[in-house]
Amino acid sequence: RDPSHTVALTEAQLIGAFEQVGASVEQVMTRDIAVTFDPWVQMTGTDAATTAALRDELERDIAGGPDTGMRPVREQGELRFLQRWCVIHGALQT
């Protein structure tokens, strides 16, 4: 995986980052984006061993195993998962 992507902040953590620098949060918008697994791992250049491990974890999650947090599903024969995008509009207090 891309070594620059080390963490994904939660909505609460993003809001906290705004507040930490003295910005007010004016609006929070979230959206779930369905991502198809195979094109995603191909686009990110994920090696075969990591791809297999990720696929296995997502399949176990679908089957009721440990929650990956990625909300995986099988739709039309394809493995997919949901990404939550969060856009925060704020303003710095002057």
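These notes cover the structure that comes with them. (Residues numbered from 1 in each chain as written. Predicted model: local features only at pLDDT ≥ 70, side-chain atom pairs only at ≥ 80, totals over all residues. Heavy atoms only, no water.)

## Points about the environment of Ala 91
Then, number 1: Looking at the element boundaries, Ala 91 is found in strand β3 (residues 78–92).
Then, number 2: Put simply, Ala 91 and Gly 22 are 69 residues apart on the chain and 8.6 Å apart in space, counted from C-alpha to C-alpha. (Helix = DSSP H or I, 4+ residues; strand = E, 2+ residues; numbered from the N terminus.)

## A look at the packing of aromatic side chains
Then, number 1: Here the structure, examined in full by the defined rule, presents 2 aromatic pairs.
Then, number 2: Judged by centre distance (6.1 Å) and plane angle (50°), the ring pair of Phe 37 and Trp 40 falls under tilted. Within this pair, Phe 37 and its partner Trp 40 are both found in helix α2 (residues 37–43), separated by 3 residues, close to a single helical turn.
Then, number 3: Residue Phe 37 is classed as buried on the basis of its relative accessible area of 0%.
Then, number 4: Consider the rings of Trp 40 and Phe 81, whose centres lie 4.8 Å apart with planes at 70°: the pair is edge-to-face. On the criterion of sequence distance, the pair formed by Trp 40 in helix α2 and Phe 81 in strand β3 is long-range, its members being 41 residues apart.
Then, number 5: Taking relative accessible area as the criterion, Trp 40 reaches 14% and is therefore assigned buried.
Then, number 6: Three or more aromatic residues link up through ring pairs in this structure, and these residues are Phe 37, Trp 40 and Phe 81. (Phe/Tyr/Trp six-rings, centres within 6.5 Å; stacked < 30°, edge-to-face > 60°. Buried < 20%, exposed > 50% of the residue type's maximum accessible area, 1.4 Å probe, protein only.)

## Considering the pairing of β3
Then, number 1: As judged from the 13 bridges shared by strand β1 (residues 23–36) and β3, these two strands associate in the antiparallel manner. Note on β3: the bridge partner recorded for Ala 23 is Leu 92.
Then, number 2: Alignment of strand β2 (residues 73–75) against β3, held across 3 bridges, turns out to be antiparallel. Looking at β3, one finds that Val 73 is bridged to Arg 80. (Pairing = 2+ DSSP bridges.)

## What to know about the side chain of Thr 46
Then, number 1: Relative to the helices and strands, Thr 46 resides in the loop between α2 and α3 (48–62).
Then, number 2: At 2.8 Å, the side chain of Thr 46 and the side chain of Thr 44 are in polar contact. (Polar contact = N/O pair within 3.5 Å; in protein donor to acceptor, adjacent residues only side chain to side chain.)

## A closer look at the side chain of Arg 80
Then, number 1: Secondary-structure assignment places Arg 80 in strand β3.
Then, number 2: Arg 80 sits in the buried class, given a relative accessible area of 14%.
Then, number 3: Looking at Arg 80, its side chain comes within polar contact range of the side chain of Glu 75, at 3.0 Å.
Then, number 4: When neighbours within four sequence positions are excluded, Arg 80 is seen to be in contact with Val 35, Thr 36, Phe 37, Arg 71, Pro 72, Val 73 and Glu 75. (Contact = heavy atoms within 4.5 Å.)

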